[in-house]
Amino acid sequence: MDAPEMSPVLHQPTVVVDDISVVYRTKNQPAGRTNTRKTLWQALGRGAGADSAVRTTALRNVSFVANKGDSIGVIGRNGSGKSTLMKVLAGLIIPDTGRVYASSNPILLGVNAALISSMSGAQNVRLGCLAMGMSHSEIDAKYDAIVDMSGLEHEIYHPMNSYSSGMGARLRFAIAAAVDPEILLVDEALNTGDAQFKERSKMRMQQVTQQAGTVFIVSHSLSTITSTCNRAIWIDKGDFVMDGTPDDVAKEYRNFIWRINEGNADYGRQIRAELMASLPEIRTTLLPNGWKRAR
Ligand SMILES: Nc1ncnc2c1ncn2[C@@H]1O[C@H](COP(=O)(O)OP(=O)(O)OP(=O)(O)O)[C@@H](O)[C@H]1O
């Protein structure tokens, strides 16, 4: 008898996040006044109040699949684990449990472009592009477009430490977005910069997704997410709460925040629990080539 035919693949996954958890381990600093003798005593690990380890669960059993053409907005309250998720996707943090499979190296904007502040913007364009693996001829071909994207004019010849934070962010965005990554991770960059830059960066991200890539955008601006993305995920205190259209997710998130702000934490918790309970279960199968098929 013939083997049963596989069901047709509707989406082409670019990132499979399979049950990841991240726990940060830090040391509690003793509070209050100290004197040198006490501090030395504590440094030796003796006496009451010696530093104790603190564990923070930044992500808890997070699973989802991103597909080609997805532009995914990541929303959630402060300290919910959004940046941690971006770092895990970029391979900068190894999760304590679970694995991430990606069809190509995700580029985290701003981190991969290791720039030197005493050098000019122009020199940093070369440096950042080289750091991301571009050749000199590729950089020559893209140099004008990068400077154009950054919106910097004569300032491109000034040292980066003379730039405003918005100007620095624009240059980092322009450099990182120049590599035509298949998977681009953007952490809050769209919130810096003026209206003209926001428009340019939005267009660039649309280009990346049109090139059948995948973009993740972390933002506290729901309007940025609803106007830029075709999908949104909501993370709260390390839990994956919702995955849906930007409008649906933004609506539930606003409702949740509203309930919490009016002091109705129980109702907020109920909304969160109901949404989590309705998340589809993701099952993955390891393929011989090391990739995962998601159902
Ligand atoms: N290097 C670290 N060491 C210890 N704890 C950390 C570290 N980085 C993040 N955390 C903790 O992990 C949790 C998630 O942090 P993360 O930065 O991922 O959240 P976020 O959703 O990006 O927050 P925000 O919206 O404020 O930028 C927080 O409780 C934070 O305090």
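The rules we used
- Residues numbered from 1 in each chain as written.
- Predicted model: local features only at pLDDT ≥ 70, side-chain atom pairs only at ≥ 80, totals over all residues.
- Heavy atoms only, no water.
- Helix = DSSP H or I, 4+ residues; strand = E, 2+ residues; numbered from the N terminus.
- Buried < 20%, exposed > 50% of the residue type's maximum accessible area, 1.4 Å probe, protein only.
- Polar contact = N/O pair within 3.5 Å; in protein donor to acceptor, adjacent residues only side chain to side chain.
- Contact = heavy atoms within 4.5 Å.
- Pairing = 2+ DSSP bridges.
- Axes fitted to C-alpha atoms, helices over the stretch in contact; angles between N-to-C directions.
- Core = buried A, V, L, I, M, F, W, Y, C linked by side-chain atoms within 4.5 Å.
- Domains from an automatic or database assignment.
- Near = heavy atom within 4 Å.
- Areas by Shrake-Rupley, 256 points an atom, 1.4 Å probe, with all protein chains shown as cover.
- Nonpolar A, V, L, I, M, F, W, Y, C, P; charged D, E, K, R; others polar.
- 1 Å grid on protein atoms, 1.4 Å probe; cavity = no way out; pocket = protein on both sides within 12 Å on 5 of 7 lines; lining within 4 Å.
- Points joined across faces, edges and corners; volume = space filled by probe spheres on them.
- Arc of directions from axis to C-beta.

Draft legend 1. Up close: the side chain of R231. As for its placement among the helices and strands, R231 is situated in strand β8 (residues 231-236). Its relative accessible area of 11% is what places R231 among the buried residues. In terms of polar contacts, R231 uses its side chain to reach the backbone carbonyl oxygen of V65, at 2.9 Å. Within polar-contact distance, the side chain of R231 engages the side chain of D243 at 2.8 Å. With residues up to four places along the chain from it excluded, the contact list for R231 reads F64, V65, A66, N67, D70, S71, I72, G73, D243, G244 and P246.

Draft legend 2. Structural context of the sheet that holds strand β1 (residues 13-27). Judged by pairing direction, the sheet is antiparallel, and its three strands sit side by side in the order β2-β1-β4 without closing on themselves. Single-partner strands in this sheet number two, and they are β2 (53-67) and β4 (97-102). Taken pair by pair, the neighbouring strands of this sheet meet at an average axis angle of 25 degrees, ignoring direction. Where β1 and β2 come together, 11 bridges link them in antiparallel fashion. By the bridge assignment, V22 is partnered in β2 with L59. Along the sheet, helix α2 (residues 82-89) contacts β1, β2 and β4; its crossing angle with β1, the most-contacted strand, is approximately 120 degrees.

Draft legend 3. Looking closely at the nonpolar core. Formed by 44 residues in total, the largest nonpolar core has its most connected members in V125, I156, L171 and W234. In terms of domain composition, this core takes at least three residues from each of domain 1 (10-27 + 53-106 + 182-295) and domain 2 (110-180). By size, the runner-up hydrophobic cluster in this structure holds 24 residues, among which are V17, L85, V88 and F216.

Draft legend 4. Representation of the environment of K251 in the model. Structurally, the position occupied by K251 is in helix α8 (residues 246-261). Taking the C-alpha atoms as reference points, K251 and L222, 29 residues apart in sequence, are found 9.5 Å from one another.

Draft legend 5. Just the site of the ligand, in detail. Lining the immediate surroundings of the ligand are 13 residues, of which N78, G79, K82, T84 and H220 lie closest. Interatomic distance of 2.7 Å between a side-chain N/O atom of K82 and an oxygen atom of the ligand. Considered on its own, the ligand offers 630 Å² of accessible surface; in the complex 63% of this is hidden by protein. Of all the elements in the fold, those that place two or more residues in the shell around the ligand are β1, β2 and α2. No other element matches the three residues that α2 contributes to the shell around the ligand. For the shell around the ligand, the per-class residue count stands at two nonpolar, nine polar and two charged.

Draft legend 6. Main features of the layout of surface pockets. Approximately 210 Å³ is the volume found for the second largest pocket. What lines the second largest pocket is K142, A145, I146, D148, M149, A174, A177, A178, D180, R200, R204 and Q207. At five residues, helix α4 (residues 136-150) tops the list of elements feeding residues into the lining of the second largest pocket. Each of domain 1 (10-27 + 53-106 + 182-295) and domain 2 (110-180) accounts for three or more of the residues forming the lining of the second largest pocket.

Draft legend 7. How the structure looks around the side chain of N67. Its location among the elements puts N67 in strand β2. Exposure remark for N67: the relative accessible area of 11% places this residue in the buried category. With near-sequence residues (within four places) excluded, N67 lies in contact with H11, Q12, P13, T14, G213, T214 and R231.

Draft legend 8. Geometry of helix α3 (residues 121-131). Those residues of α3 lying buried are G121, A122, N124, V125, G128 and C129. The arc that holds every buried residue of α3, seen down its axis, measures 160 degrees, which confines them to one face. Looking at the buried residues of α3, the elements they touch are α4 and α5 (165-176). In the stretch just after α3, G133 is the one whose phi turns positive, near 90 degrees.

So yeah, pure geometry; function would need other evidence.
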